[in-house]
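Reading the structure
Okay, here's what each chain looks like letter by letter:
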Amino acid sequence: QVSIFILNCLCLLFWQFSQFIFLTQTAIFFVMEQLRIIDVKSLCVFLHSHFCGLHMAVLLLQGNDMLKSSLFASFFLVVSAYCLFFSSLRVKVQNRLDLLVEAWLVVLRIAIVVCASFYLKKVISDFLEVQEDSHIWDILYSKFSDYKTFHTLIYTCSEVFDFLPWSSIKNMLHSFLIPFALINILNVCNYWLCNALSASRKREMEDNRVKTEKDSQEDTDDSGIENNAEIIKKEGTDKKVGTVDDQSDAGIDNVVFFLKHLNIDAAIFYNISQMAVYGVMAALVMRLKLLFTTQLCVLSSLLMSTKYYV
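Note that the structure is a prediction, hence the values are computed from the model and not measured.

Regarding the packing of helix α5 (residues 71-85) against helix α6 (residues 96-128)
- Where α5 meets α6, the closest approach of the two axes is 8 Å, and the angle between their N-to-C directions is 130 degrees. For the element pair α5 / α6, the angle class is oblique. Judged by the twist between their axes, the crossing of α5 over α6 is right-handed. Where α5 approaches α6, its residues Leu71, Ser74, Phe75, Leu77, Val78, Val79 and Tyr82 are matched on the opposing element by Arg109, Val113, Ala116, Ser117, Phe118, Leu120, Lys121 and Ile124.

Written as structure tokens, this is what we have:
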């Protein structure tokens, strides 16, 4: 936590664009919490580290208005408010109806957080009377329209602020950077799905076995006291043998059971999501290719993972 705080503070001090990188990190962690890949405690620890780094950076920059009115600061405040006051308002998913309601609430919560963040940013910017990051949004707007200002003409005249050229993508393909990353992503997703399917099949086989034993007991003609005592004793033994997970999974819908046992590695999911975000950013601004290629290298390193390839 201390290392994250120090690194975040240094990045915010020396590169003004780092606020957008931290914005993507916070957004990905929030989505991971909504999908229950991580718990609220992990998100709170992450937010606390960012709070310390953001607070220290604002102090060292002598109250930098651009940082205080940034979308990162607004999004951070909204997500923090959610964790403090509304994170416990979750539906306990037991059937498909609960799953549908929770999925709708996840989309609704994400939409509310995004809208509230933009609104809070506007309020803070109007209150501080600053528009110091407007040139960044102007550059993005000018890429998809004929909009031109002094700032857009300064930046867009350089190739590094142009769209990512096809030659860069070809180089990443020829160096096997993109193919290795895609292979790892497919293999990891296949690993997660196979484990969940295996757990579902195991549960189905266990249910069939229990049903068969129950039917065979009902068809037994012998109704003596001794036999009944043995059956009761056997049922009591089976109940003791059952694990806590088996008892908690009893009565859960098959789809819900599959999703519950879809054990997604939070670190890998974060890196895949971050790579996708960096890919979009690099496609819009070629200069940000340095972030995209670095993340591709991180994902390519999964080739050496014994967990997914042995």
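Re the nonpolar core
- One finds Met32, Leu43, Leu47, Leu54 and Val79 to be the most contacted residues of the largest nonpolar core, which totals 29 residues.
- Residue assignment for this core shows that the elements contributing at least two residues are α1 (2-14), α2 (18-34), α3 (40-60), α5 and α14 (266-284).
- Of all the elements, α5 adds the most residues to this core, at nine residues.
- Contact partners of Val79, with chain neighbours within four places excluded, come to Phe30, Leu43, Leu47 and Val113.
- With 27 residues, the next largest nonpolar core counts Ala181, Val188, Ile268 and Leu296 among its residues.

Side note on unusual backbone geometry
- Located in the positive-phi region is Arg36, a residue other than glycine, with phi close to 65 degrees.
- Within the fold, Arg36 resides in the loop between α2 and α3.
- For Phe176, which is not glycine, the phi torsion reads 65 degrees and is therefore positive.
- Within the fold, Phe176 resides in the loop between α9 (166-174) and α10 (177-218).

Digging into a nonpolar patch on the surface
- On the surface, Phe176, Phe180, Ile183, Leu303, Met304 and Tyr309 cluster together to form a nonpolar patch covering roughly 590 Å² of accessible area.
- Tracing the sequence through the fold places Met304 in the loop between α15 (289-300) and α16 (306-309).

Rules behind the numbers
Residues numbered from 1 in each chain as written. Predicted model: local features only at pLDDT ≥ 70, side-chain atom pairs only at ≥ 80, totals over all residues. Heavy atoms only, no water. Axes fitted to C-alpha atoms, helices over the stretch in contact; angles between N-to-C directions. Helix = DSSP H or I, 4+ residues; strand = E, 2+ residues; numbered from the N terminus. Parallel < 35°, antiparallel > 145°, perpendicular 65-115°, else oblique. Left-handed = near helix turned anticlockwise from the far one by under 90°. Contact = heavy atoms within 4.5 Å. Core = buried A, V, L, I, M, F, W, Y, C linked by side-chain atoms within 4.5 Å. Buried < 20%, exposed > 50% of the residue type's maximum accessible area, 1.4 Å probe, protein only. Patch = residues over 30% accessible without salt bridge, like charges linked within 9 Å, V, L, I, M, F, W, Y side chains within 5 Å. Areas by Shrake-Rupley, 256 points an atom, 1.4 Å probe, with all protein chains shown as cover. Salt bridge = Lys/Arg side-chain N within 4 Å of Asp/Glu carboxyl O.

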